[in-house]
Amino acid sequence: MGPSELLPRYIFAESLFARRRVLEVDAVASTGGESARFLVERGARTVVACDADVAAVEAAQKAHAHPQVRYRANVYDDLEAGSFDLVLVTDLAPYVRAPELLAELARLV
């Protein structure tokens, strides 16, 4: 899902992420990191954008560096419980099939 599909969905959800600490999951590679920057520009307090594609994460950090946006691999064990107000997941299917992954995301809210 690229920016042309994802960003309109984020506009629809703007009231959910305004002034919130947002964890964005698995959108860095598909949007090149644009979606995380978009969230901050539309009112999110901070965004941590995670993705399994480490090369995409590094490229996004270079292309879209912003003091309120952090790009990283999607490893969550070093994040504290309750670190985020909202978790946006690009594709929820892998997390539904693996409840332990979904529980890990839920721990962060």
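Here, every reference points to the structure presented above.
Residues numbered from 1 in each chain as written. Predicted model: local features only at pLDDT ≥ 70, side-chain atom pairs only at ≥ 80, totals over all residues. Heavy atoms only, no water.

Trainee: Looking at this model, I keep getting lost on the overall build of the protein. Mind explaining?
Mentor: Looking only at helices and strands, the protein has seven helices and four strands in total. Listed N to C, the secondary structure of the protein is α-α-β-α-α-β-α-β-β-α-α in terms of helices and strands. Over its C-alpha trace the protein gives a radius of gyration of 13 Å, about what one expects of a compact globule, namely 13 Å for 109 residues. Considered along the principal axes of its C-alpha atoms, the protein spans approximately 30 × 30 × 25 Å. When the 109 residues of the protein are sorted by exposure, 40% land in the buried category. In the protein, the share of contacts with a sequence separation of at least 24, taken over all contacts with a separation of at least 6, comes to 67%. Of the charged side chains in the protein, 12 are positive and 16 negative; the average position of the first set lies 7 Å away from that of the second. (Helix = DSSP H or I, 4+ residues; strand = E, 2+ residues; numbered from the N terminus. Rg over C-alpha atoms; globule rule 2.2 N^0.38 Å. Buried < 20%, exposed > 50% of the residue type's maximum accessible area, 1.4 Å probe, protein only. Contact = heavy atoms within 4.5 Å. Lys, Arg positive; Asp, Glu negative; His and termini not counted. Charge placed at Lys NZ, Arg CZ, Asp CG, Glu CD.)

Trainee: Just checking my understanding: could you explain the nonpolar core for this structure?
Mentor: Burial of nonpolar side chains together is a common tendency in soluble globular proteins. Counting 21 residues, the largest nonpolar core has Tyr10, Phe17, Val22, Val28, Leu39, Val47 and Tyr71 as the members making the most contacts within it. Counting residues per element, this core draws most heavily on helix α4 (residues 34-41), at four residues. In contact with tyrosine 71, not counting residues within four places along its chain, are Val28, Gly33, Ala36, Arg37, Ala49, Val57, Ala60, Gln61 and His64. (Core = buried A, V, L, I, M, F, W, Y, C linked by side-chain atoms within 4.5 Å.)

Trainee: Is there a simple way to explain helix α5 (residues 54-63) in this structure?
Mentor: Along an α-helix, residues three or four positions apart point the same way, because every turn accommodates 3.6 residues. Buried residues of α5: Ala56, Val57 and Ala60, and no others. What you see down the axis of α5 is that its buried residues fit within an arc of 100 degrees, all on one side. Of the exposed residues in α5, those oriented more than 90 degrees away from the buried face are Ala55 and Lys62. Contacts made by the buried residues of α5 are with α3 (28-31), β2 (46-51) and β3 (69-73). N-capping of α5 is provided by aspartate 53, with a side-chain oxygen placed 3.2 Å from the backbone N of alanine 55. (Arc of directions from axis to C-beta. Polar contact = N/O pair within 3.5 Å; in protein donor to acceptor, adjacent residues only side chain to side chain.)

Trainee: Sorry if this is basic, but what is going on with unusual backbone geometry here?
Mentor: Trans peptide bonds make up most of the peptide bonds, and negative phi angles are found at most residues other than glycine. Even without being glycine, arginine 19 reaches a positive phi, approximately 65 degrees. In this structure arginine 19 comes out as exposed when scored by relative accessible area, which is 64%. For aspartate 26, which is not a glycine, the phi torsion comes out positive at approximately 65 degrees. One can find aspartate 26 in the loop between β1 (21-25) and α3. The class for aspartate 26 is partly exposed, based on a relative accessible area of 25%.

Trainee: Help me understand the pairing of strand β4 (residues 86-89) in this model?
Mentor: Successive residues of a regular strand alternate their side chains across the two faces of the sheet. Because side chains alternate across β4, one face comprises the buried residues Leu86 and Leu88, and the other comprises Val87 and Val89, none of which is buried. Examined bridge by bridge, β1 and β4 share four bridges and lie parallel to one another. Bridge pairing in β4 places valine 22 opposite leucine 86. (Pairing = 2+ DSSP bridges.)

Structural measurements only, silent on function.
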